[in-house]
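An overview of the molecular structure
Here's the letter readout for the chains.
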Amino acid sequence: MGFLLIKRVFEGAIDYLQVMDEQGNIDQANFPKDLPDQKITDMYKYMLFARALDAKMLSLQRQGRAATYAPLIGEEATQIGSAFAFRNQDVFVPNFRQHGIFLVRNFPLDNFFVYWKGYEDGGKIPENFNGTAVCVPVGSQMPHAAGIAFALKHMNKDAAVIAYVGDGGTSEGDFYEALNFAGVWKAPLVTVIENNQWAISVPRKDQTAAQTLAQKAIAAGIKGVQVDGNDLLAVYKAVSEAIANSKNGPTLIECVTYRMSMHTTADDPTKYRTDEEVAEWQKRDPIARVKAYLVKKNLWNDELEKQIADEQLKKIDEAVEKSEQFKPDPRSMYENVYSFMPEELKDEEDAATASNFWQ
Ligand SMILES: Cc1ncc(C[n+]2csc(CCOP(=O)(O)OP(=O)(O)O)c2C)c(N)n1
Ligand SMILES: [Mg+2]
């Protein structure tokens, strides 16, 4: 830069982790220690479950039986791999795309469908869920996550917060403030960047001039790593290690993955990205490589796959049916908006309640 080098005051680097390649081959040196075959099979089933749920949601939305939906297809390894690393006591802080984690954490499926039909009633967090609600304002979950992590530390709890943010979310002030705060206080915050390469129509390269998103950890003085986000085992390993280390401070994990489908059901990605790009990522399908691995080890076959698919579809259909019994109360739209009820809003409420739309 034209300065005379007196002394170098800082050097940093970001490592990249992959354990299982696209063909399902394992890098034994990096294989997670505490991972029996049964657990990998269970994770694989959840990946299938998440993808089946996605397909059902898209179909319901197209039939007018769901309001909107943000598909997760392509991001199953990032979601299921990280969710299996959680301990019961760890707190899950989502944005709006982590449906796979809601599944692993046993969120009532019928409520899930009620929520995505547009009714807040379905988004209510169950007592034992140990997580926060779906958060649509991009990045705004991060200061909450840092605050919860700080509180856990303050109360001497042996627990971590695992927070999720998109590549787009990492450009928000909230993201930097949260990381900075957690770094200063050495709060047990594990942040998973679900870098799916797109923030609606804005590509990753227009999000930041930085080469990786993981290196944003460096400025906050915390650990940062980049992971193949389509590699179930790499995600599991990175998140497990970050949780184990969370008593010493935060970690930022960038999971490099791809949003295979539209941003939400209101979006048409063919307007801004090429079929060739999507085809390239298709080759890195996170589900296919786990299947290749399990089949090679004789732990999986097509018959089992069919059986599991039928069971999962049955669960999904039962939950949809139950969710469709839900009768929304139009008054709920007006609750919790103001501490008192303004006159104009009361008029609207009366009109909504009287309307036969809700019958
Ligand atoms: C503060 C704020 N600005 C804009 C939006 C509209 N919006 C919703 S999702 C989104 C893109 C988010 O991209 P990313 O963080 O990469 O997450 P992804 O949707 O790819 O999972 C935008 C701009 C919003 N919800 N909140
Ligand atoms: Mg994104």
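All values derive from a computational prediction rather than experimental measurement. (Residues numbered from 1 in each chain as written. Chains lettered and ligands numbered in written order. Predicted model: local features only at pLDDT ≥ 70, side-chain atom pairs only at ≥ 80, totals over all residues.)

Once that is clear, we can look at the overall build of the chain. For the chain, the helix and strand inventory stands at twelve helices and eight strands. A globule of 359 residues ought to have a C-alpha radius of gyration of about 21 Å, and the chain, at 22 Å, matches this closely. In terms of overall dimensions, the chain has a C-alpha envelope of 75 × 55 × 45 Å along the principal axes. Within the chain, the proportion of its 359 residues that are buried is 40%. Of all intrachain contacts in the chain linking residues separated by at least 6 positions in sequence, the fraction that spans at least 24 positions is 77%. (Helix = DSSP H or I, 4+ residues; strand = E, 2+ residues; numbered from the N terminus. Rg over C-alpha atoms; globule rule 2.2 N^0.38 Å. Buried ≥ 20, exposed ≤ 12 C-beta atoms within 10 Å, placed from the backbone. Contact = placed C-beta atoms within 7 Å.)

Further remarks concern the domain arrangement of the chain. Domains assigned within the chain are domain 1 (35-328) and domain 2 (330-359). In this structure, domain 1 and domain 2 have C-alpha centres spaced 34 Å apart. (Domains from an automatic or database assignment.)

The element strand β4 (residues 189-195) is largely enclosed, with a buried count of seven among its seven residues. With burial as the criterion, each face of β4 is covered, one bearing Leu189, Thr191, Ile193 and Asn195 and the other bearing Val190, Val192 and Glu194. Judged from the six bridges that link them, strand β3 (residues 161-166) and β4 form a sheet pairing that is parallel. Bridging across to β4, Ala163 finds its partner in Thr191. The β-α-β motif built from β3, the intervening helix α6 (residues 173-185) and the parallel element β4 has right-handed crossover chirality. In this sheet, strand β8 (residues 251-256) lies alongside β4 in parallel orientation, the contact comprising six bridges. The residue bridging Thr191 from the neighbouring strand is Leu252, located in β8. (Pairing = 2+ DSSP bridges. Right-handed = clockwise from strand over helix to strand, strands pointing away.)

Spatially, six strands are ordered β1-β7-β8-β4-β3-β2 in an open sheet, and the strand pairing comes out parallel. The sheet is open, and its two borders are formed by β1 (16-17) and β2 (91-93), each paired with just one other strand. Alignment of β1 against strand β7 (residues 223-228), held across two bridges, turns out to be parallel. By the bridge assignment, Leu17 is partnered in β7 with Val227.

As a packed pair, helix α1 (residues 37-62) and helix α10 (residues 286-296) sit with axes 10 Å apart at the nearest point and diverge in direction by 145°. For the pair α1 and α10, the sense of crossing is left-handed. Residues Ile40, Thr41, Tyr44, Met47, Leu48 and Arg51 of α1 touch α10, and the partners they reach there are Pro286, Ile287, Val290, Lys291 and Leu294. Looking at the contact of α1 with α10 residue by residue, the classes come out as eight nonpolar, one polar and two charged. (Axes fitted to C-alpha atoms, helices over the stretch in contact; angles between N-to-C directions. Left-handed = near helix turned anticlockwise from the far one by under 90°. Nonpolar A, V, L, I, M, F, W, Y, C, P; charged D, E, K, R; others polar.)

A separate point is the site of ligand 1. With respect to spatial proximity, 15 residues lie near ligand 1, and among them Val138, Gly166, Gly168, Gly169 and Ala199 are the closest. When grouped by side-chain class, the residues that make up the shell around ligand 1 number six nonpolar, five polar and four charged. (Near = placed C-beta within 6 Å.)

Of note, Asn106 is a non-glycine position whose phi angle comes to about 60°, a positive value. Residue position: Asn106 is located in the loop between α3 (99-104) and α4 (109-116). A tally of 10 C-beta atoms within 10 Å means that Asn106 is categorised as exposed. Here the phi dihedral of Asn298 falls at roughly 65°; this positive angle occurs in a residue that is not glycine.

Turning our eyes to something else, we now look at the environment of Gly12. Inspection of the secondary structure puts Gly12 in the segment before β1. According to the C-beta neighbour criterion, Gly12 is exposed, with 9 such atoms within 10 Å. Residues Gly12 and Arg273, spaced 261 residues apart in sequence, show a C-alpha to C-alpha distance of 33 Å.

Looking now at the environment of Gln197. Relative to the helices and strands, Gln197 resides in the loop between β4 and β5 (198-199). Gln197 gets classed as partly exposed once you count the C-beta atoms within 10 Å, which come to 18. Note: C-alpha distance between Gln197 and Gly168 (29 residues apart in sequence) is 8.7 Å. When residues no more than four places from it in sequence are discounted, the contact partners of Gln197 are Asp167, Pro203, Arg204, Tyr258 and Arg259.

Time to look at the pairing of β3. Across the six residues of β3, six count as buried, placing the element largely inside the fold. Every second residue of β3 is oriented toward a common face, with Val161, Ala163 and Val165 on one face and Ile162, Tyr164 and Gly166 on the other, all of them buried. Where β2 and β3 come together, three bridges link them in parallel fashion. Within the sheet, the bridge partner assigned to Val93 lies in β3 and is Ala163.

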